[in-house]
Amino acid sequence: MLEITPNTIAFLVFALLSVGGALGVVVSTNLIHGALFLIVSLFGGAGLFVLLAAPFMAAVQILVYIGAIAILIIFAVMLTRSMTSLSEIFNRQWWISAIVAVVMLGLLLVGAILPVWGPSGTNAMLPVSDAVGTTVDLGIALVDGNQFVLPFEVASLLLTAAMIGAIVIARDNE
Amino acid sequence: MLQLPSLETLNMGAALPAISIAAWACILLLIDLWIPKDRKILTVYLAAGNLVFAFIANLLVFNQSGDSFMGMYVADQFSGVMNLIIIGTALLSIVLSFDYLKRVGIERGEYYVLVLFVTAGAMFMAAANDLILIFVALELLSIPLYVLSAFRAPDIRSEEAGMKYFLLGAFASAFLVFGGAMVYGATGTTNLNEIAASAGMIIASNSSTSLFLLLGAALLLVGLGFKVAAVPFHEWTPDVYEGAPTPVTAFMSVAAKLGGFGSLLRILVVGMSAVTMTAGEPAVWQNVVAILAGLTMIVGNIVALSQANIKRMLAYSSIANAGYILMAVAAAGSPGLANEATRGALVYMLAYMFTNMGAFAVVIAVERANGGADLEHFVGLGKARPMLAIMMVVFMMSLTGIPLTGGFIGKALVFATTLNAGLVWLAIIGVLTSVVSAYYYVRVIVNMFLRDAEASTEEATPGYSTGVQWVAAVALGGTVLLGVLPTLITVLTDRVSLVASITP
Amino acid sequence: MENTGLSLVTVVLFLPLVGFSILLFIPDAQSRNIKYTALGTSLVTFALSLVMWANFDAANPALQMVQRWEWLPQYGIGYYVGIDGLNMIMVVLTTFIMSIGILSSFNAHVIQERGREKLYYLFMLLLQWAMIGVFVVQDLIIFYIFWEVTLVPMYFLVGIWGGEKRVYAAVKFFLYTMAGSILMLLALLYVGTQAGTFAVPEIIAGIQAGTISFPLDGLFSTQSILFLGFFIAFAIKVPIWPLHSWLPDAHVQAPTAGSVILAGVLLKMGSYGMIRFLLPMFPEASVAWAPIIALLAVIGIIYGAWVSFAQTDMKKLVAYSSVSHMGFIVLGIFAMTSIGIQGSIIQMVNHGISTGGLFLIVGMLYERRHTKDLAAFGGIWKAMPLLGAISLVVVLSSMGMPGLNGFIGEFTILLGSMGSTVLGIGFTVVAALGIILAAIYMLNFFQRIFMGELDKEENKNLPKLEWNEIAVLVPIVVLAIWIGLQPAPFMNPSDATVESLVAQVVPDTTTVAQLPEAGQGE
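As the structure is a computational prediction, the values presented were derived from the model and not from experiment. (Residues numbered from 1 in each chain as written. Chains lettered and ligands numbered in written order. Predicted model: local features only at pLDDT ≥ 70, side-chain atom pairs only at ≥ 80, totals over all residues.)

1. Concerning the overall build of chain C
For chain C, the helix and strand inventory stands at 23 helices and two strands. In terms of overall size, chain C behaves like a compact globule, its C-alpha atoms giving a radius of gyration of 22 Å where 522 residues would be expected to give roughly 24 Å. If you line up chain C on its principal axes, its C-alpha atoms span 70 × 55 × 40 Å. Within chain C, buried positions represent 62% of all 522 residues. (Helix = DSSP H or I, 4+ residues; strand = E, 2+ residues; numbered from the N terminus. Rg over C-alpha atoms; globule rule 2.2 N^0.38 Å. Buried ≥ 20, exposed ≤ 12 C-beta atoms within 10 Å, placed from the backbone.)

2. Here we look at the overall build of chain B
When helices and strands are tallied, chain B shows 20 helices and two strands. Compactness check: chain B gives a C-alpha radius of gyration of 22 Å against a globular reference of 23 Å for 504 residues, within 12% of the reference. Taking the principal axes of its C-alpha atoms as reference, chain B extends roughly 75 × 55 × 40 Å. Burial analysis of chain B (504 residues in total) assigns 64% to the buried set.

3. Remarks on the interface of chain B and chain A
Tallying the contact residues gives 30 residues for chain B and 20 residues for chain A. Mapped onto the side of chain B that touches chain A, the elements with two or more residues apiece are α1 (7-10), α2 (16-33), α5 (110-127) and α6 (131-149) of chain B. Top contributing element to the side of chain B that touches chain A by residue count: α6(B), with 10 residues. Along the lines of polarity and charge, the residues of the side of chain B that touches chain A split into 26 nonpolar, one polar and three charged. (Contact = placed C-beta atoms within 7 Å. Nonpolar A, V, L, I, M, F, W, Y, C, P; charged D, E, K, R; others polar.)

4. Things to note about the interface of chain B and chain C
Listed by partner, the interface residues are 25 residues for chain B and 27 residues for chain C. The element best represented in the side of chain B that touches chain C is helix α18 (residues 424-450) of chain B, accounting for 11 residues. Taken together, the residues that form the side of chain B that touches chain C break down as 19 nonpolar, four polar and two charged.

5. Remarks on helix α6 (residues 149-170) of chain A
Compared with an ideal rise of 1.5 Å per residue, which puts 22 residues at 32 Å, α6(A) spans 32 Å between its outermost C-alpha atoms and is within 8% of the ideal. Those residues of α6(A) that sit buried are A:Leu150, A:Pro151, A:Val154, A:Leu157, A:Leu158, A:Ala161, A:Gly165 and A:Val168. For α6(A), the angular spread of the buried residues around the axis is 120 degrees, confining them to a single face. Facing away from the buried side of α6(A) by over 90 degrees, the exposed positions are A:Met163, A:Ala166, A:Ile167 and A:Ala170. On its buried face, α6(A) is in contact with α2, β2 (73-75), α5 and α6 of chain B. (Expected span 1.5 Å × (residues − 1). Arc of directions from axis to C-beta.)

6. Considerations on unusual backbone geometry
Across the junction of B:Val231 and B:Pro232, the peptide omega takes the value 5 degrees, indicating a cis bond. Mapping B:Pro232 onto the fold places it in the loop between α9 (208-228) and α10 (236-243). Each neighbour pair has its own omega, and for C:Val238 with C:Pro239 the value is -10 degrees, a cis peptide bond. The phi torsion at B:Leu404 lies on the positive side, around 70 degrees, for a residue other than glycine. Tracing the backbone through its elements, the reader meets B:Leu404 in the loop between α16 (386-400) and α17 (406-420). Since 21 C-beta atoms lie within 10 Å of it, B:Leu404 is described here as buried. We note that C:Met65 has phi near 50 degrees; this positive angle belongs to a residue other than glycine. For C:Met65, the position within the fold is in strand β1 (residues 64-72).

7. Re the pairing of strand β2 (residues 77-83) of chain C
Residue and element names in this part refer to chain C. Of all the seven residues making up β2, five are buried; the element is thus mostly covered by neighbouring parts of the structure. Two strands pair when backbone bridges link them, and β1 and β2 are joined in this way by six bridges, in the antiparallel orientation. Bridge pairing in β2 places Gln64 opposite Ile83. Linkage of β1 to β2, two consecutive antiparallel strands, is achieved through a turn of four residues, within which Gly76 is found at a positive phi near 75 degrees. (Pairing = 2+ DSSP bridges.)

8. Description of the confidence of the model for chain C
Residue and element names in this part refer to chain C. The pLDDT averaged across chain C works out to 85; a share of 96% of its residues lies at or above 70. Taken as a whole, residues 510-522 scores under 50 in pLDDT and shows 25 contacts with residues more than four places along the chain or in a different chain. What the predictor reports for the complex is a pTM of 0.87 with an ipTM of 0.87. (pLDDT = per-residue confidence, 0-100.)

9. So, the packing of helix α4 (residues 77-104) of chain B against helix α19 (residues 466-484) of chain B
Residue and element names in this part refer to chain B. With their axes 8 Å apart at the nearest point, α4 and α19 run at an angle of 155 degrees to one another. With respect to each other, α4 and α19 are oriented roughly antiparallel. In this structure, the crossing between α4 and α19 has a hand that is left-handed. Across the interface between the two elements, Leu92, Val95, Leu96, Phe98 and Asp99 from α4 touch Gly467, Val468, Trp470, Val471, Val474 and Ala475 from α19. Taken together, the residues of the contact of α4 with α19 break down into nine nonpolar, one polar and one charged. (Axes fitted to C-alpha atoms, helices over the stretch in contact; angles between N-to-C directions. Parallel < 35°, antiparallel > 145°, perpendicular 65-115°, else oblique. Left-handed = near helix turned anticlockwise from the far one by under 90°.)

10. A few points about the environment of B:Met396
Residue and element names in this part refer to chain B. Topologically, Met396 is positioned in helix α16. Between the C-alpha atoms of Met396 and Met12, which are 384 residues apart in sequence, the distance is 41 Å. Discounting residues that sit within four places of it in the chain, Met396 has contacts with Tyr441, Val444 and Ile445.

11. A short note on the packing of helix α1 (residues 6-27) of chain A against helix α2 (residues 31-51) of chain A
Residue and element names in this part refer to chain A. At a minimum axis separation of 7 Å, α1 and α2 run at an interaxial angle of 155 degrees. One finds that α1 runs roughly antiparallel with respect to α2. For the pair α1 and α2, the sense of crossing is left-handed. Between α1 and α2, the contacting residues are Asn7, Ala10, Phe11, Phe14, Ala15, Leu17, Ser18, Gly21, Ala22, Gly24 and Val25 on the first element and Gly34, Phe37, Leu38, Val40, Ser41, Phe43, Gly44, Gly45, Gly47, Leu48 and Leu51 on the second. When grouped by side-chain class, the residues that make up the contact of α1 with α2 number 13 nonpolar, nine polar and no charged.

12. Section: the environment of C:Leu501
The residue C:Leu501 is located in helix α22 (residues 495-505) in this model. Non-local contacts of C:Leu501, meaning those with residues more than four positions away in its chain, are made with C:Leu279 and C:Pro280.

13. Observations concerning the environment of C:Ser397
All names here are of chain C. Assignment of secondary structure puts Ser397 in helix α17 (residues 385-399). We classify Ser397 as buried; it has 31 C-beta atoms within 10 Å. Along the backbone, Ser397 and Tyr36 are 361 residues apart, and their C-alpha atoms lie at a distance of 31 Å. Beyond its immediate sequence surroundings of up to four residues, Ser397 is in contact with Ser354, Leu404, Asn405, Gly406 and Ala480.

Below, the structure is given as structure tokens:
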């Protein structure tokens with residue numbers, strides 16, 4: 001059976017946050033609450049990344065998903081106020097999501113139980129790529145002239161352009 | 001730990017034209033804040049000056065080919081020629097824009113900054129030798145174009161154009177990224193040279209990995225097919241072209257195609273030419289591209305027949321022209337023909353650039369204040385503005401492919417390379433659709449010269465300005481010069497060699 | 001002459017373009033200067049083309065006064081001009097007809113009505129440049145360029161200064177001929193890229209030497225398809241039945257000078273192309289297809305004559321007679337005997353002169369009465385005796401009356417087709433029937449306009465011929481009689497070249513083809 005180590009405890013906590021948050025998103029009748037639960041769930045996911053020794057992914061999860069996307073959802077909910085209190089949590093398309101959820105779960109279970117991935121999987125013998133590195137490696141790669149500085153710079157240019165564009169379109173004609 | 005490489009190892013000089021435009025765009029954004037609203041012509045001069053600088057810089061480094069940024073950016077003669085065409089497009093459209101923006105009351109400095117961004121994006125696309133750079137460059141090209149399409153914002157058609165272009169463009173980007181990911185999954189690299197090195201082995205091994213590679217290549221083709229408006233990924237084109245401000249339509253009908261075809265040629269010719277069933281045979285993508293080319297020419301030309309609005313007609317014409325360039329791309333799949341086909345495509349694109357910019361210049365002159373530009377508005381133009389009308393005749397003739405214009409040279413080279421590749425059926429579709437296209441191009445001429453104008457109180461050319469006149473004249477010069485003395489451009493394109501730039 | 005200075009051919013070719021440039025700078029309002037600049041240009045070109053004729057060595061079958069410049073050397077495309085027995089007389093015909101065409105437009109109503117006089121003469125000179133180019137150029141791509149460029153000015157001439165349904169006729173003309181020629185573009189690109197050069201003499205030399213070959217096995221193999229690619233373009237231009245339907249429309253709607261040039265020169269580009277390109281480049285396919293093409297030609301002869309007889313519109317009548325006459329020319333070419341081909345060449349000149357003359361006459365009548373309906377005329381001889389006499393000569397020449405030029409051409413062609421080894425005698429017999437039909441419809445034409453009573457009031461006071469009208473008709477009559485009585489100077493230049501051409505195409509039968517000796521023809 002499971003050994004009780006600090007790692008296991010942490011895993012249980014994060015898993016609980018993740019699954020519980022997801023459950024909260026589904027059952028809460030207030031969309032604002034739902035969005036807040038989503039943040040909780042995403043935070044749990046970030047914790048799991050930390051446990052998997054992927055601190056960068058954890059940071060991205062918090063910065064991008066919680067910091068940007070979840071906040072965007074809350075903004076969107078607040079701008080469409082009539083949706084803040086719902087009496088029904090099911091609509092006529094519930095069965096579609098049910099099918100999708102069941103299929104996804106099935107796939108995950110198949111992946112987890114059958115020997116495809118993991119130590120007993122067929123690809124287990126493949127060496128892990130050298131490119132997988134630390135946050136420091138990643139940071140260097142983005143600004144190193146030998147690696148990805150050009151795409152990085154072009155990406156920042158395009159974000160600038162997108163920002164200008166958003167302002168140009170949104171600005172009133174003075 | 002982090003060692004900053006010196007400028008020499010980066011070989012930034014080779015990438016100078018593109019970098020200078022990108023950097024100046026950011027600086028111009030700040031400068032523009034201090035330029036008063038009634039003197040925006042200064043912004044135009046500053047933007048144009050930068051383009052002229054980049055043009056000259058590009059000529060200076062033309063023969064100084066080499067990798068820049070360690071294989072990310074390849075400055076070879078291919079990107080050299082592409083850059084010349086792209087910068088030319090940007091210059092002409094900036095000159096076209098100024099009076100137009102003033103006329104419709106959307107004069108803002110950001111416009112020129114965005115044009116510079118698109119230009120830099122297209123140049124990066126043509127020179128990118130890495131799937132990651134291709135993706136971000138594509139976005140740098142696209143996002144400002146979405147904004148430019150919606151630049152006439154309160155106007156509902158312009159907003160619709162921007163929105164439609166954005167949604168479908170985002171969709172196309174997703175395809176491109178997904179395709180890139182699959183190719184990366186199959187080959188373990190995003191660098192085109194390395195993809196080329198491993199692609200042949202993967203296909204030979206006939207494992208499931210080759211399926212990923214092919215699927216990835218197909219998705220890349222879909223993503224770029226959207227950008228160049230190839231059938232069946234063309235649905236957005238007419239609405240966007242019609243709704244966008246006309247100088248933007250002119251600009252994007254050329255710039256987006258240039259960027260898209262630049263990347264497409266690099267991906268397929270440099271990265272995927274080894275993807276063959278048996279060595280020495282044409283690449284497997286040849287037939288796919290050939291079918292796309294055939295469909296694009298047929299649909300573009302036939303639907304164009306029934307258009308009453310000149311911008312929609314030119315939109316379908318631009319779809320059709322994408323088909324002719326795709327013909328050359330397909331021919332590049334035959335072993336030993338890659339260079340010839342690439343050169344043909346380059347000459348075609350140059351001719352298309354001059355011709356199309358000229359045609360849109362005339363459209364801007366004729367366009368009504370409410371943005372309407374119907375074929376009917378051309379009636380009597382031959383009497384009202386004979387010079388402008390005669391220029392339009394030349395542009396229409398060039399689009400049809402009548403000799404002594406650049407359009408003929410482009411078509412002749414493309415057809416020749418298609419025949420050499422053994423794609424006779426495709427060449428026949430090409431010429432037959434050219435005849436179809438003659439019908440709707442000639443209709444413009446009929447309206448200008450052959451029909452008598454009814455007495456009209458409207459002015460024939462409300463958008464006429466010196467800018468329009470200059471652009472039309474330059475485009476005319478380019479079109480005719482290319483048609484009469486094609487050696488002027490072939491001395492440059494003759495050195496283009498996409499395959500030889502592989503240094504795995 | 002090679003590459004030392006300018007060849008006379010180059011000078012003749014580019015003179016119209018010089019006139020074109022001068023014309024550009026003359027203000028629109030100076031009508032007189034515009035007219036005389038255009039006329040002067042065409043007359044100087046004509047004179048120089050006569051000098052070219054004088055310097056031409058008839059005994060030499062090869063190209064003369066050759067000039068080659070590089071254009072796109074890496075693709076094997078270059079500016080390559082020269083004259084030989086096939087095209088020398090065509091160049092002279094072009095410059096002659098153009099001078100006539102320009103002079104005849106001086107008082108044209110349509111130009112005064114619709115204005116844009118300068119544009120009209122600009123297009124005329126552009127057309128002249130392109131047509132001379134078609135005849136003298138020896139490079140496939142450059143040939144195609146000139147070939148297509150002729151479309152543009154003609155399209156505008158019909159479209160701007162044409163009759164009622166001019167837009168329809170102009171667009172039909174443009175699309176029809178473009179559809180034909182664009183397939184030729186593919187074929188010539190294929191030939192050129194396979195051969196590695198687009199220079200026709202080099203391609204032909206390669207085919208002769210066996211270094212270039214297009215396989216021919218069966219009627220639809222590579223050589224046949226290439227042959228058809230060229231043939232359809234030429235056949236539409238000639239036009240060969242059943243590809244003729246653009247011709248009546250274009251002729252009827254075109255202004256007078258346009259019709260004259262169309263009939264006089266543009267149609268000849270097709271038949272010239274057959275002799276210059278089809279026969280030597282695809283000899284086997286030419287022989288294989290000859291009976292089918294000859295059949296179409298003979299159908300055209302009879303059909304054109306038949307339909308012509310039924311017309312009430314003067315211009316349509318002459319237009320359909322062109323279909324008939326051009327059928328003779330094609331028949332002569334595909335008889336593949338040197339007599340037949342020589343007959344075709346002289347008949348091209350004859351048809352240019354007599355049909356050009358007919359269109360001029362029709363145009364003059366139209367200027368005076370503003371109708372093309374035969375029924376509106378009758379007894380015009382009494383009102384305009386000079387025009388009547390001239391018309392009689394032209395009509396007789398067109399129907400092939402001995403002593404006039406038409407007879408020489410048709411007789412030589414029939415003689416050539418009779419001695420043909422690739423065609424049966426049946427073609428000659430049916431074609432001869434065409435001459436009889438020609439006599440019927442031409443005399444009908446003449447009788448209904450000029451003979452009979454001068455019973456219509458409007459016809460009684462027709463204005464006399466203007467000086468320029470006389471000036472264009474007289475050379476035509478003189479030439480019709482001159483060629484009719486003294487054909488040798490006009491036919492000798494093509495002797496040597498045609499002999500060597502036939503020897504290339506059907507090597508074993510040249511001697512057989514010499515059998516019948518033409519009394520007046522040789």
